[in-house]
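Coordinate inspection notes
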Amino acid sequence: MDLILKNPFRVLGLPATSTSREIAKRISDLEMFAELGKIKSYPYDFTMFGDIHRDVDSIKDAARKIESAEGRLLYSFFWFRSSDSVDELALDSLNQNMIDEAINLWSKQIDKTASENYTWRLNRSVLLFLQSTASTSVITSYFDRALEDLGYVVDDYLDESVESVLAGNEAGLNRDHFCKNIIDELLDFLKKSKDQPYGNALVGLLGSFSEDSSFWSFSEEMENYAHSKIISPLVDEVKNAIHKSEEFRENSDNIALKNRNNLEKVEWIINDLYQALDDNDVRLQSLANAYIEEILACSVCAYNDLDDEDLSLALLNWADSLPCYGRMIEVVEDKKKSLLDAIKERNLVNRYGKVISELTDDNLNFYDLPRKIDFAFNELSVTKKSITLDERSEFLDVSSFCVNKTLDVVIDFINNFKDQIGHGKDFSDFKLALERSLVILEKLGDFDLHEDSQIFLSRSYQDLKELHAAVKNQLNVQGGGSRYGVEQVEKKDGLGGWWIVIIICFIVYQCSHN
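For the structure given in this document, a descriptive report is provided here. (Residues numbered from 1 in each chain as written. Predicted model: local features only at pLDDT ≥ 70, side-chain atom pairs only at ≥ 80, totals over all residues. Heavy atoms only, no water.)

**Some words on the overall build of the chain**
Tallying secondary structure elements over the chain gives 23 helices and zero strands in all. In terms of overall dimensions, the chain is more spread out than a globule: its C-alpha atoms have a radius of gyration of 45 Å, far above the 24 Å expected for 514 residues. By its C-alpha atoms, the chain is 145 × 50 × 40 Å across when sized along the principal axes. For the chain, with 514 residues in total, the buried portion stands at 46%. Once local pairs closer than 6 in sequence are excluded, the contacts in the chain between residues at least 24 apart make up 71%. Accessible surface for the chain amounts to roughly 26400 Å². Of this, 47% is attributable to carbon and sulfur atoms. The averaged location of the 90 negative side-chain charges in the chain is 4 Å from the averaged location of its 56 positive side-chain charges. (Helix = DSSP H or I, 4+ residues; strand = E, 2+ residues; numbered from the N terminus. Rg over C-alpha atoms; globule rule 2.2 N^0.38 Å. Buried < 20%, exposed > 50% of the residue type's maximum accessible area, 1.4 Å probe, protein only. Contact = heavy atoms within 4.5 Å. Areas by Shrake-Rupley, 256 points an atom, 1.4 Å probe, with all protein chains shown as cover. Lys, Arg positive; Asp, Glu negative; His and termini not counted. Charge placed at Lys NZ, Arg CZ, Asp CG, Glu CD.)

**A word on the environment of Glu-211**
Position of Glu-211 among the secondary structure elements: in the loop between α11 (175-192) and α12 (220-250). Classification of Glu-211 by relative accessible area gives exposed; the value is 54%. For the pair Glu-211 and Ala-276, spaced 65 residues apart in sequence, the C-alpha to C-alpha distance is 8.8 Å.

**Observations regarding the packing of aromatic side chains**
Going through the model one piece at a time under the given rule, you end up with 21 aromatic pairs. With a centroid separation of 5.6 Å and 50° between ring planes, the pair formed by Phe-77 and Phe-178 is classed as tilted. On the criterion of sequence distance, the pair formed by Phe-77 in the loop between α5 (69-76) and α6 (85-95) and Phe-178 in helix α11 is long-range, its members being 101 residues apart. Taken as a pair, Phe-77 and Phe-178 share a single burial class, namely buried. Judged by centre distance (5.9 Å) and plane angle (85°), the rings of Tyr-291 and Trp-318 are edge-to-face. Taken together, the residues span a long stretch of sequence, with Tyr-291 in helix α15 (residues 282-304) and Trp-318 in helix α16 (residues 309-321) at a distance of 27 residues. Residue Tyr-291 is classed as buried on the basis of its relative accessible area, which comes to 0%. You can call Trp-318 buried: its relative accessible area is 7%. Taken together, the ring pairs in this structure connect Tyr-44, Phe-46, Trp-79, Phe-80 and Trp-106 into an aromatic cluster. If you follow Arg-26 out to its NZ or CZ, it ends over the ring of Tyr-42, 3.8 Å from the centre. Note that Arg-81 overlies the ring of Phe-77, its terminal NZ or CZ placed 5.7 Å from the centroid. (Phe/Tyr/Trp six-rings, centres within 6.5 Å; stacked < 30°, edge-to-face > 60°. Lys NZ or Arg CZ within 6 Å of the ring centre and 35° of its normal.)

**Digging into the side chain of Ser-453**
Relative to the assigned elements, Ser-453 resides in helix α21 (residues 451-478). Ignoring sequence-local partners within four residues, the contact set of Ser-453 consists of Ser-400 and Asn-404.

**Things to note about the state of the cysteines**
Here, disulfide denotes a covalent bond that connects the sulfur atoms of two cysteines. Throughout the structure, instances matching the rule amount to zero disulfides. In this structure Cys-298 is a free cysteine whose sulfur lies 6.5 Å from that of Cys-301, the closest cysteine sulfur available. (Disulfide = S-S within 2.5 Å.)

**Structural notes on a negative patch on the surface**
Negative charge collects at one region of the surface, where Asp-155, Asp-156, Glu-160, Glu-220 and Glu-221 lie side by side. Counting residues per element, the ones that place at least two in the negative patch are α9 (140-156) and α12. With respect to the helices, strands and loops of the structure, Glu-220 is situated in helix α12. The exposed category is assigned to Glu-220, whose relative accessible area is 56%. (Patch = residues over 30% accessible without salt bridge, like charges linked within 9 Å, V, L, I, M, F, W, Y side chains within 5 Å. Salt bridge = Lys/Arg side-chain N within 4 Å of Asp/Glu carboxyl O.)

**Thoughts on unusual backbone geometry**
Of note, Ala-201 is a non-glycine position whose phi angle comes to about 55°, a positive value. Within the element layout of this structure, Ala-201 appears in the loop between α11 and α12. For Ala-201, a relative accessible area of 32% corresponds to the partly exposed category. Unlike most non-glycine residues, Ser-252 shows phi in positive territory, near 50°. Along the chain, the position of Ser-252 falls in the loop between α12 and α13 (254-258).

**Quick notes on the packing of helix α17 (residues 327-359) against helix α19 (residues 392-420)**
Relative orientation of the contacting elements α17 and α19 amounts to 25°, with a least axis distance of 11 Å. Taken together, the axis directions place α17 and α19 in an arrangement best described as roughly parallel. For the crossing formed where α17 meets α19, the hand is right-handed. Packed against α17, whose contacting residues are Lys-344, Leu-348, Arg-351, Tyr-352, Val-355, Ile-356 and Leu-359, the element α19 presents Glu-394, Phe-395, Val-398, Phe-401, Cys-402, Lys-405 and Thr-406 at the interface. Taken together, the residues of the contact of α17 with α19 sort by class into nine nonpolar, one polar and four charged. (Axes fitted to C-alpha atoms, helices over the stretch in contact; angles between N-to-C directions. Parallel < 35°, antiparallel > 145°, perpendicular 65-115°, else oblique. Left-handed = near helix turned anticlockwise from the far one by under 90°. Nonpolar A, V, L, I, M, F, W, Y, C, P; charged D, E, K, R; others polar.)

Written as structure tokens, this is what we have:
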């Protein structure tokens, strides 16, 4: 961690609270030694953490970094200082390479003392930062503890540090800029870490459902600034991906659409921010909804432009799996339902279109039914061989529709025929019509049906059969058919002929309402 290992105070071999005169003298001495080729060492070198370069350029660079009040204060927070015997004892242990001993000395004092000396916590944070980078990868447990200590000190003891490091002289110091600079330095270090200890783009620093943010001990302003530095680039990345996807759609780039317009490349951002941020975070809600809205737009394009149902549905299912908020939840559900309905309708048309169109003809009449029923039955028999178990219900829907539609035509025909008795038609004609109807219903008995349609068909067949028997019996009583059978019956036997008409009306009414 160069912020510590190449800290100007370490290069100069001085504690962070050295005076301006002490710093100037040390710079002069080291430049002279460097020109003479002499190597000097000091108690604050702590070479167990790595070598120190004290050539002329390194010394001049160290001097430049702490020329300003802000630079001097910044680097002081990443190097050791001594204010009492506890610090002296711990730093002496550190000089003997007893790192754990030094940490324990500061920790014991912090834990047992009500009014702690802030330098104990600050020194411990520097040492924990060094411990976190002692191996090839950052050890987050040490780094988080170091951040906690540093946050406490910056938030609660900044005035004391300004006094001890700058002797109270704040000329040229912008505290707000200084605090942001601390965050910037820490984030820049972690971004350069190859192992990405806090995940992609440092999202892990934001915390999660069960953990606090790593910057929880800093002031609210510093914590918000740290979060903004992490979140803002991610938000921009998602927005750019959405904008690029919009361009793909505007240009009808079907190749890109088949690859989901590259939106998948930023999905991790939505999921990681969902894990890290509160559900009430407006940034998360807005970003997630905008992302899903674009996926939905891609789904529509896939259906309308590519005629690709599978891709369209896959995009909708993907949108449904992502976090979304407010009305967008209902929008996704509605879009998915609409698409599934459209796909089902299209599949029905593709698979059963010929059958359905055959029986939904506006000019459909009773005398066409035998031929149309045979056609429908043959088509459905072929289809039945290829359907899956999941498609069985749909098949029964169509088959039952064919039967119900046919029954509607038969019932209308019987109703109309009944009205013509005595007006150009007699019971002999009616008997023939009933016989033809029964033949049609017998054909319908070969269809696969839902239970309710099967019951309706059976009842209709039985009612027509009974009606046919009654008409046939009446004709036998009359000894033949007359074109004006009702009137003749009425003349022959006052009320005798009218019971047949009543039966016809009753049974036909039952058929038409079941």
